[in-house]
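# What the coordinates show
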Amino acid sequence: MNLLHINKRLIPVFITIGLFLLMYVFGLVRYDNFSSPQVFLNLFVDNAFLIIVAVGMTFVILSGGIDLSVGSVIALTSMVVASLLVQGVPVWLVIPIALLVGPVLGFLMGCCIHYFQLQPFIVTLAGMFLARGLSFVISVQTITIDHDFFKYMASTRIYVGDYFLSYSVLIALIVVVAAIFIAHYTKFGRNVYAIGGSEQSAMLMGLPVGRTKIMVYTLSGFTASLAGIVFTFYMLSGYGLHANGFELNAIAAVVIGGTLLTGGVGYVAGSVVGVLILGTIQSLIVFEGSLSAWWTRIAIGLLLLLFIVLQRIIVMRTDHKKETVSAH
């Protein structure tokens, strides 16, 4: 019975992996240069910051919440970095300051959600507007980053044979490994799953529900700020409109990666595969050449709807079997 339960939890992840392999094989068959290992590595190079954000979003959704502020936090972090560098603040001081932007906002949002019993959607929506607004308070114009360290991080390639990765990918992979450890081998991770499964039951078990929820949003804020710094390696600028709507990409990646929107079920590794699926869609459209970039949004929308329906079917079947067992 326990094995069957575990298999049900893994069904969405297996479907995600299968979909990714199917899409990638389609690319291999249809396009000549798609077989280059660099095409696969570019999925990580081009989406390192999305992987980092998706990791934080996974914990939020696992707890039964949502975080709409991550895109705005990326923009605010980029503005803080750019403005401090322009003022001559040393880079070793700029990065720690920028990394505090997200956690501070996340902590405040988590406190509001817990202590005032407010809906995460509303609180993080307010956080989204606040962070985006603060970005434009710093400057309404783009601030170019012309620092040697950021140029180095943006241009340096780490070669694996004839192919390359970037420092951003290494940062993202470290975050993923740390997140997997936290999710499955710490009390905090187990508490997140318990709260997402049933917050009322978690409270009756004496788990620190409030503290855990606050920590979840603080963690999401931290990953958003870290992603903001990585994002500046790509853009070499700070701008209030950076990562506009990016929170929806992160949520889509997590849901497509097999994490239930109702909470309690999902895996960080699944979210990473979800990001790779989004990256593969973009690559296929680029290789096709004749399709508009908006087809990426159409494909993501269809996949998101498909996975939400799939989640609902799994939940309904599970509830039906529980009712049948209870009746007997």
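Residues numbered from 1 in each chain as written. Predicted model: local features only at pLDDT ≥ 70, side-chain atom pairs only at ≥ 80, totals over all residues. Heavy atoms only, no water.

Glancing now at the overall build of the chain. Regarding its fold elements, the chain presents 14 helices and four strands. Once the C-alpha set of the chain is aligned to its principal axes, its extents read approximately 70 × 55 × 35 Å. Expressed as a percentage of the 328 residues in the chain, the buried residues total 51%. Within the chain, residue pairs in contact and separated by at least 24 positions form 78% of the contacts whose partners lie at least 6 positions apart. If you sum the accessible surface of the chain, you get close to 16100 Å²; carbon and sulfur atoms cover 70% of it. Averaging the coordinates of the 15 positive side-chain charges in the chain and doing the same for the 11 negative ones gives two points 13 Å apart. (Helix = DSSP H or I, 4+ residues; strand = E, 2+ residues; numbered from the N terminus. Buried < 20%, exposed > 50% of the residue type's maximum accessible area, 1.4 Å probe, protein only. Contact = heavy atoms within 4.5 Å. Areas by Shrake-Rupley, 256 points an atom, 1.4 Å probe, with all protein chains shown as cover. Lys, Arg positive; Asp, Glu negative; His and termini not counted. Charge placed at Lys NZ, Arg CZ, Asp CG, Glu CD.)

This part takes up helix 4 (residues 70-86). Compared with an ideal rise of 1.5 Å per residue, which puts 17 residues at 24 Å, helix 4 spans 24 Å between its outermost C-alpha atoms and is within 8% of the ideal. Counting buried positions along helix 4 gives 16 out of 17 residues, so the element sits mostly inside the fold. (Expected span 1.5 Å × (residues − 1).)

F59, V81, F150 and I277 are the most contacted members of the largest nonpolar core, which totals 93 residues. Among the elements that take part in this core, helix 3 (residues 48-62) stands out by supplying 13 residues, more than any other. Setting aside residues up to four positions removed in sequence, I277 forms contacts with T16, L19, F20, M23, I256 and L303. (Core = buried A, V, L, I, M, F, W, Y, C linked by side-chain atoms within 4.5 Å.)

It is worth spelling out the layout of surface pockets at this point. Counted as a void, the second largest pocket has a volume near 440 Å³. Forming the boundary of the second largest pocket are 21 residues, of which D46, N47, L278, G279 and Q282 lie nearest the centre. Sorting the residues of the lining of the second largest pocket by element identifies helix 2 (37-45), helix 3, helix 12 (246-256), helix 13 (268-288) and helix 14 (294-327) as the ones contributing at least two each. Counting residues per element, the lining of the second largest pocket draws most heavily on helix 13, which supplies six residues. In terms of residue class, the lining of the second largest pocket is made up of 10 nonpolar, nine polar and two charged. (1 Å grid on protein atoms, 1.4 Å probe; cavity = no way out; pocket = protein on both sides within 12 Å on 5 of 7 lines; lining within 4 Å. Points joined across faces, edges and corners; volume = space filled by probe spheres on them. Nonpolar A, V, L, I, M, F, W, Y, C, P; charged D, E, K, R; others polar.)

Here the focus is a nonpolar patch on the surface. Taken together, the side chains of L100, V104, F107 and L108 make up a nonpolar region of the molecular surface, amounting to roughly 380 Å² of accessible area. Locating L108 in the fold gives a position in helix 5 (residues 91-115). (Patch = residues over 30% accessible without salt bridge, like charges linked within 9 Å, V, L, I, M, F, W, Y side chains within 5 Å. Salt bridge = Lys/Arg side-chain N within 4 Å of Asp/Glu carboxyl O.)

This part covers the state of the cysteines. Considering all chains together, one arrives at zero disulfides under this definition. C112 supplies the cysteine sulfur nearest to C111, a cysteine that is in no disulfide, at a spacing of 7.0 Å. On the basis of relative accessibility, which here comes to 16%, the residue C111 falls in the buried class. Given a relative accessible area of 29%, C112 falls into the partly exposed group. (Disulfide = S-S within 2.5 Å.)

Mapped onto the elements, I143 comes out in strand 1 (residues 143-144). For I143, a relative accessible area of 14% translates into the label buried. In this structure the C-alpha to C-alpha distance between I143 and A250, which are 107 residues apart in sequence, comes to 25 Å. Beyond its immediate chain neighbours, meaning those up to four positions away, I143 contacts M79, A82, S83, V86, I138, S237 and G238.

In this section: the packing of aromatic side chains. Tallied over the full model, the rule gives 17 aromatic pairs. The interplanar angle of 90° and the centroid separation of 5.6 Å between the aromatic rings of F149 and F150 together place this pair among those described as edge-to-face. What links up through ring pairs into an aromatic cluster is the set F20, Y24, Y31, F34, F40, F44 and F287. Cation over ring: R157 sits above F164, and NZ or CZ is 4.0 Å from the ring centre. (Phe/Tyr/Trp six-rings, centres within 6.5 Å; stacked < 30°, edge-to-face > 60°. Lys NZ or Arg CZ within 6 Å of the ring centre and 35° of its normal.)

Turning to the pattern of salt bridges, a few remarks are in order. By the definition in use, this model includes three salt bridges. Across the pair K213 and E199 runs a salt bridge, and its minimum N-O distance is 3.4 Å. Placement of the pair is K213 in helix 11 (residues 209-235) and E199 in helix 10 (residues 199-204), with a sequence separation of 14 residues. In this structure E199 comes out as partly exposed when scored by relative accessible area, which is 30%.

Detailed reading of predicted coordinates is not advised where the pLDDT is low. Per-residue confidence for the chain gives a mean pLDDT of 92; residues scoring 70 or more make up 94%. Mean pLDDT across the elements of the chain ranges from a minimum in helix 14, with 77, to a maximum in helix 3, with 98. Every residue in residues 1-6 is under pLDDT 50, and counting partners more than four places away or in other chains gives zero contacts. (pLDDT = per-residue confidence, 0-100.)

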